[in-house]
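Given next are the chains, with one letter for each unit.
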Amino acid sequence: LAQSLLALFASSLAISLVFAIIPLCHNVVVLAVVMAVAGLAMGCIDTISNMQLVKIYQKDSAIFLQALHFFVGFGALLSPLIADPFLSDTNCILANGTANASSNLPHIRKSLVPHHPGNLSHYDLPMKGMVVTRVSYAFWIMALINLPVPIAVFFLLYKERMVPCFNGSSHPLLSADELALETRPGDKDELSTAGQRPHTAAGHEDLFSCCQSKNFRGASYTYFAVHITGALVLFMTDGIVGEYSGFVYSYAVEEPLSVVHKVAGYLPSLFWGFITLGRLISIPVSYRMKPATMVFINVVGVLITFLLLLIFSSSVVFLFVGTASLGLFLSSTFPSMLAYTEDILQYKGCATTVLVTGAGIGEMVLQLLVGSIIHDRGSYSFLVCGMIFGCLAFTFYALLVFFHRMYPKPSPELDEASPDKAAVPEDMGQYQR
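Residues numbered from 1 in each chain as written. Predicted model: local features only at pLDDT ≥ 70, side-chain atom pairs only at ≥ 80, totals over all residues. Heavy atoms only, no water.

If you look the protein chain up in an unreviewed UniProt entry, it shows as Major facilitator superfamily domain-containing protein 4A from Dicrurus megarhynchus. According to the UniProt record, the Sequence similarities (unreviewed entry) comment for the protein chain is "Belongs to the major facilitator superfamily." According to UniProt, the comment filed for the protein chain under the heading Subcellular location (unreviewed entry) is "Membrane". (UniProt positions renumbered as here; feature names shortened; annotations may be inferred.)

*Asks:* Explain the overall build of the protein chain to me, please; I cannot follow it from the model alone.
*Replies:* A count of helical and extended segments in the protein chain gives 19 helices and two strands. Taken over 433 residues, the protein chain has a buried fraction of 43%. Partitioning the contacts of the protein chain with sequence separation of at least 6, the portion at a separation of at least 24 is 77%. Only carbon and sulfur atoms are counted for the fraction: they give 68% of the accessible area of the protein chain, which is about 22,300 Å². (Helix = DSSP H or I, 4+ residues; strand = E, 2+ residues; numbered from the N terminus. Buried < 20%, exposed > 50% of the residue type's maximum accessible area, 1.4 Å probe, protein only. Contact = heavy atoms within 4.5 Å. Areas by Shrake-Rupley, 256 points an atom, 1.4 Å probe, with all protein chains shown as cover.)

*Asks:* Looking at this model, I keep getting lost on the packing of helix H10 (residues 221–253) against helix H16 (residues 350–377). Mind explaining?
*Replies:* Helix packing geometry: the angle between the two helix axes and the distance between the axes. Two elements in contact, H10 and H16, have axes separated by 6 Å at closest approach and are oriented at 40°. The angle between the axes of H10 and H16 places the two elements in the oblique class. Seen along the crossing, H10 lies across H16 with a hand that is right-handed. Along the lines of polarity and charge, the residues of the contact of H10 with H16 split into 17 nonpolar, eight polar and three charged. (Axes fitted to C-alpha atoms, helices over the stretch in contact; angles between N-to-C directions. Parallel < 35°, antiparallel > 145°, perpendicular 65-115°, else oblique. Left-handed = near helix turned anticlockwise from the far one by under 90°. Nonpolar A, V, L, I, M, F, W, Y, C, P; charged D, E, K, R; others polar.)

*Asks:* I'm lost on the packing of aromatic side chains in this one. Help?
*Replies:* The geometry of an aromatic ring pair is captured by the separation of the ring centres together with the interplanar angle, meaning the angle of the planes. Within this structure, the stated rule accounts for 15 aromatic pairs. Centroid distance Phe271 to Trp272: 6.3 Å. Interplanar angle 75°. Geometry classified as edge-to-face. Here the aromatic residues Tyr244, Tyr251, Phe271, Trp272, Phe306 and Phe382 are joined through ring pairs into a cluster of three or more. (Phe/Tyr/Trp six-rings, centres within 6.5 Å; stacked < 30°, edge-to-face > 60°.)

*Asks:* Any chance you could explain a nonpolar patch on the surface here in plain terms?
*Replies:* Taken together, the side chains of Leu24, Tyr137, Trp140, Ile141 and Ile145 present a nonpolar region at the surface, about 470 Å² in accessible area. With respect to the helices, strands and loops of the structure, Trp140 is situated in helix H6 (residues 135–146). Assessed through its relative accessible area of 33%, Trp140 is described here as partly exposed. (Patch = residues over 30% accessible without salt bridge, like charges linked within 9 Å, V, L, I, M, F, W, Y side chains within 5 Å. Salt bridge = Lys/Arg side-chain N within 4 Å of Asp/Glu carboxyl O.)

*Asks:* So what exactly am I meant to see when it comes to the nonpolar core here?
*Replies:* A general feature of soluble globular proteins is that nonpolar side chains tend to end up buried together. Ranked by size, the top nonpolar core spans 66 residues in total, and within it Tyr244, Phe306, Leu319, Met337 and Phe382 carry the most contacts. No other element matches the 16 residues that H10 contributes to this core. Three or more residues apiece are contributed to this core by two domains, here domain 1 (1–89 + 133–164) and domain 2 (221–408). Residues within four places of Phe382 in sequence aside, it is in contact with Glu243, Tyr244, Phe247, Val248, Tyr251, Val370 and Ile374. (Core = buried A, V, L, I, M, F, W, Y, C linked by side-chain atoms within 4.5 Å. Domains from an automatic or database assignment.)

*Asks:* Sorry, what's going on with the environment of Ile145 here?
*Replies:* With respect to the secondary-structure elements, Ile145 resides in helix H6. Owing to a relative accessible area of 46%, Ile145 belongs among the partly exposed residues under this scheme.

*Asks:* Even after reading the chapter, I still don't get the confidence of the model for the protein chain, so can you show me in this structure?
*Replies:* Low-pLDDT stretches of the model should not have their predicted coordinates read in fine detail. Here the protein chain averages 76 in pLDDT, while 70% of its residues score no lower than 70. Segment residues 108–125 is flagged for pLDDT under 50; beyond a separation of four residues in sequence, or across chains, it makes 33 contacts in the model. Confidence over residues 413–433 falls short of pLDDT 50; this stretch has 44 contacts with residues more than four positions distant or in other chains. (pLDDT = per-residue confidence, 0-100.)

*Asks:* Whenever I open this one, helix H7 (residues 148–159) confuses me. Can you help?
*Replies:* Three or four residues apart is the spacing at which side chains of an α-helix point the same way, because the helix has 3.6 residues per turn. Here H7 contains twelve residues, and its C-alpha end-to-end distance of 16 Å stays within 8% of the 16 Å for a straight helix at 1.5 Å per residue. All of the buried residues in H7 are Pro150, Val153, Leu157 and Lys159. Next to the buried residues of H7 lie helix H1 (2–21) and H6. Just downstream of H7, Arg161 is the residue with a positive phi angle, here 60°. (Expected span 1.5 Å × (residues − 1).)

*Asks:* Would you mind showing me how to read the environment of Phe396 here?
*Replies:* Relative to the helices and strands, Phe396 resides in helix H17 (residues 381–406). For the pair Phe396 and Ile228, spaced 168 residues apart in sequence, the C-alpha to C-alpha distance is 9.2 Å. Residue contacts for Phe396: discarding those within four places in its chain leaves Thr229, Leu232, Val233 and Met236.

*Asks:* I would appreciate a short explanation of the packing of helix H3 (residues 61–83) against helix H12 (residues 266–288) in the present structure.
*Replies:* In the contact formed by H3 and H12, the axes pass within 8 Å of each other and the chain directions differ by 165°. Of the possible angle classes, the one that applies to H3 and H12 is roughly antiparallel. The way H3 lies across H12 gives a crossing that is left-handed. On H12, the residues that touch Ala62, Ile63, Gln66, Ala67, His69, Phe70, Val72, Gly73, Phe74, Ala76 and Leu77 of H3 are Ser269, Trp272, Gly273, Thr276, Arg279, Leu280, Ser282, Ile283, Ser286 and Tyr287.

*Asks:* How do you make sense of the environment of Val226 when you look at a structure like this?
*Replies:* Among the structural elements, Val226 can be located in helix H10. The class of Val226 is buried, set by a relative accessible area of 0%. Distance from Val226 to Tyr397, taken between C-alpha atoms, is 9.9 Å for residues 171 residues apart in sequence. Dropping the residues within four chain positions of it, Val226 is found in contact with Thr341, Ile344, Leu345, Leu400 and Phe403.

*Asks:* Would you mind showing me how to read unusual backbone geometry here?
*Replies:* Glycine aside, the phi torsion of most residues is negative, and most peptide linkages are trans. Pro256 follows Glu255 through a cis peptide bond whose omega is 10°. Mapped onto the elements of the fold, Pro256 is located in the loop between H10 and helix H11 (261–264). Of note, Ser258 is a non-glycine position whose phi angle comes to about 50°, a positive value. Topologically, Ser258 is positioned in the loop between H10 and H11.

This is how it looks when you write it as structure tokens:
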């Protein structure tokens, strides 16, 4: 846990530093390196936060994962609103002939959001002159907004006596009983007894335990199949999130819909807004519904929505309805799949890294794939690709359920005596020391 919190502290602090440095980058290579550091830090935060919630709360983790990903969507919805006042509709560089170029800026601005494949070379923009852009303020404001996060993580490290220089006077914030929600009053004696057992489970104290080959010895093929199929489901669903939010604007402004640029600009915001709303709704729903059921509803809903979008492809109204529906169904897929997969694998924590990596790769690869297909085949292929990805997600989910039924379940006697059973309270004991 100390390693995880230190990594969260370093990563969240790096994000503030990166946002503060971006406006000062006057070389594209330097900017690329800085953005790569930001991506690495965000990947660490994503993986570690999901993994630790699963390890700490176990069967109760679904609720906390839904809450975590609600704030992910809320941030994605909020940050463009913070930046928007600093984005100018006039030219950022004052020079001779700026008045003519400025009239083109509103159209260019719409055309570049997001990933518009059109040719903008015929717009004449001055490259030299006095820079009057205010977009730097947006980056600096985001850096300041993020700064309380590393401060809060450092405070948590300090209160839990995990800072080497300050570990004598503070008191822990949470006891083990408060931290483990699934601990019942009748289990407290068992918890205290288990916490005193020697920590024999390999890898629970090591942040990189999932990469150790000794943990895979004797594992059945279904163990690997659950990891792979779960990652493939998120590869498809998170890829759909990336490609839909990235290209729905381009699809809307092209024929046959030919939506006005300003109206089409609301589609990505509508999509992320309903993702955020869906994640908020999923917090209480996940308390009553099993993660497997939620994933099934999500995947089937995505498939039906894309089918209807294809049928009513000429309707602008249904494009907005379908965008909202797709956001709702995709909203809770990631946290529900994470909780479902970890439940199958008895909360070892290793599946989290595999699933987060699969989701990230899908979000990157499918956007590149769909962008090239739209460029070659036209805008209608955008919906066809989404339908194919939805069918593949449903297929991989069916395979995951199949492997779940084949996965060997530990007997209650072995489960009570296994080192992994004792390892969980030990981790919680570490938290309160």
